[in-house]
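# Close look at the chain arrangement
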Amino acid sequence: MDSGDVTQLKIGFIGAGNMAFGIAKGILSWKVPAGNLKVSAPSDTNLQRFQEVGVAVTHSNVEAVCGSDVVFVAVKPHLVPVVLSEVFGSVTKDQMIVSVAAGVTLATLEELLPEASVAVRLMPNLPCVVQEGALLFSLGSKAKREHSVLLRSLLQGCGLVEEGPEAWIDVHTGSSGSGVAFVYLFAEALAEGSVKMGMPSALAHSLAAQTVLGAGRLLRDSGKHPAQLRSEVCTPGGTTIYGLHTLERGGVRAATISAVESATDRARELGLKSATAKRN
Ligand SMILES: NC(=O)c1ccc[n+]([C@@H]2O[C@H](COP(=O)([O-])OP(=O)(O)OC[C@H]3O[C@@H](n4cnc5c(N)ncnc54)[C@H](OP(=O)(O)O)[C@@H]3O)[C@@H](O)[C@H]2O)c1
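Residues numbered from 1 in each chain as written. Predicted model: local features only at pLDDT ≥ 70, side-chain atom pairs only at ≥ 80, totals over all residues. Heavy atoms only, no water.

- As annotated in an unreviewed UniProt entry, the chain carries the name Pyrroline-5-carboxylate reductase and comes from Gouania willdenowi.
- The Pathway (unreviewed entry) field of the UniProt record for the chain holds the comment "Amino-acid biosynthesis; L-proline biosynthesis; L-proline from L-glutamate 5-semialdehyde: step 1/1."
- Recorded in UniProt under Sequence similarities (unreviewed entry), the annotation for the chain is "Belongs to the pyrroline-5-carboxylate reductase family." (UniProt positions renumbered as here; feature names shortened; annotations may be inferred.)

If you want it as structure tokens, here you go:
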């Protein structure tokens, strides 16, 4: 597999839901022609939006796999054994099979695929749909460095793409997967604070969304530690330090750390359940 030019690659998707569409959009934004992609799903419900951007669609998972260099498995976790058994005979060792299913481990994927298959476990998050995802992947036992290079290159339009050991996937699920909802909760509370202080709701919500976006972009683009940026906003005796003191009194830092911890623990628990279900 040539890791240099991703524009030549044929890409298949099993499943046409939000995550498949988000990843496909990111791939298409990076000079890969729509004609190189093929997507399968049982119904037409989600296929239309792929057709609208020139991607070939099918109801056959085998068709999505045949001739593809990279296949994304983007169905709900409990359906992974079903779809992989369906395409088992069509998977070759020259393909890379990338599962985004939460909790489905590399060991499970390798058990479900033909012996020499190259499996990768990828954990994207929802902002993939606006090409601002945080993606972490782990390579299976048959994957080589060139697969890692190729996947990074293929997914560069989806957001930040990092590689790490599989144990970090559950942590990433807790912090960046579920973390998206934590940030929404904070944005909602920010807006509700403004409403409480007399601002109209619609304006309060759009200003809160822009505040979260702006703070996030500045944090990423400046490369500074959040504590440094925070201290730059704090005028001595000013509004921000008063507000921060209130947040600290409310335990927001400890609550956030605990939220990542419980979401990670839950991801691990679900992973164990799915491995047990596979064996039974
Ligand atoms: N959404 C997220 O934020 C997120 C984040 C990280 C990981 N993930 C993972 O991404 C995967 C997909 O999630 P999603 O949110 O994209 O789900 P989704 O929107 O519900 O989409 C699921 C897709 O799977 C298709 N499907 C169902 N049965 C199938 C079968 N037998 N063969 C082929 N396709 C089949 C569905 O077909 P129809 O179109 O006909 O209904 C649908 O297109 C999940 O495993 C999830 O754990 C999601």
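### Here's the deal with the nonpolar core
- In terms of nonpolar packing, the biggest core is built from 38 residues, with Phe-13, Ile-27, Phe-72 and Leu-155 touching the most fellow members.
- In terms of residues, this core owes the most to one element, helix α1 (residues 18–28), which gives 5 residues.
- Leu-155 has contacts with Ile-23, Ile-27, Phe-72, Leu-122, Leu-135 and Val-161, leaving out every residue within four places of it along the chain.
- Ranked by size, the runner-up nonpolar core spans 18 residues in total, among them Val-65, Val-83, Leu-106 and Ala-119. (Core = buried A, V, L, I, M, F, W, Y, C linked by side-chain atoms within 4.5 Å. Buried < 20%, exposed > 50% of the residue type's maximum accessible area, 1.4 Å probe, protein only. Helix = DSSP H or I, 4+ residues; strand = E, 2+ residues; numbered from the N terminus. Contact = heavy atoms within 4.5 Å.)

### Let's talk about the layout of surface pockets
- Roughly 780 Å³ of volume is contained in the second largest pocket.
- Met-19, Ala-74, Val-75, Lys-76 and Pro-77 are the residues nearest the centre of the second largest pocket, which is lined by 32 residues in total.
- Looking at the lining of the second largest pocket, the elements that each hand over two or more residues are α1, α4 (80–87) and α7 (167–177).
- Grouping the amino acids of the lining of the second largest pocket by side-chain chemistry returns 18 nonpolar, 12 polar and 2 charged. (1 Å grid on protein atoms, 1.4 Å probe; cavity = no way out; pocket = protein on both sides within 12 Å on 5 of 7 lines; lining within 4 Å. Points joined across faces, edges and corners; volume = space filled by probe spheres on them. Nonpolar A, V, L, I, M, F, W, Y, C, P; charged D, E, K, R; others polar.)

### Quick look at the UniProt feature "domain: Pyrroline-5-carboxylate reductase catalytic N-terminal" (unreviewed entry) in the chain
- Under the feature "domain: Pyrroline-5-carboxylate reductase catalytic N-terminal" (unreviewed entry), the UniProt entry names residues 10–103.
- Helix makes up 32% of residues 10–103 and strand 20%. Its end C-alpha atoms lie 27 Å apart.

### Re the site of the ligand
- Residues in close proximity to the ligand total 23 residues, the closest being Ala-16, Met-19, Ser-43, Asn-46 and Val-75.
- A distance of 3.1 Å is found between an oxygen atom of the ligand and a backbone nitrogen or oxygen belonging to Gly-17.
- The separation between an oxygen atom of the ligand and a polar main-chain atom of Ala-102 is 3.0 Å.
- Surface burial for the ligand is 78%, taken as the share of its 900 Å² of free accessible area covered by protein chains.
- Counting atoms within 2 Å of the grid points, the majority share of the ligand lands in the second largest pocket.
- For the shell around the ligand, the class distribution of residues is 16 nonpolar, 6 polar and 1 charged. (Near = heavy atom within 4 Å. Polar contact = N/O pair within 3.5 Å; in protein donor to acceptor, adjacent residues only side chain to side chain. Areas by Shrake-Rupley, 256 points an atom, 1.4 Å probe, with all protein chains shown as cover. Sits in = over half its atoms within 2 Å of the grid points.)

### A few points about the UniProt feature "binding site: NADP(+)" (unreviewed entry) in the chain
- The positions that UniProt labels "binding site: NADP(+)" (unreviewed entry) are, in the present scheme, Ile-14, Gly-15, Ala-16, Gly-17, Asn-18, Met-19, Ala-74, Val-75, Lys-76 and Pro-77. Spanning 64 residues, the named residues nonetheless gather at one spot, since no C-alpha pair among them exceeds 14.2 Å. As for the annotated residues, the ones lining the second largest pocket are Ile-14, Gly-15, Ala-16, Gly-17, Asn-18, Met-19, Ala-74, Val-75, Lys-76 and Pro-77.
- Along the chain, Gly-17 turns up in the loop between β1 (11–14) and α1.

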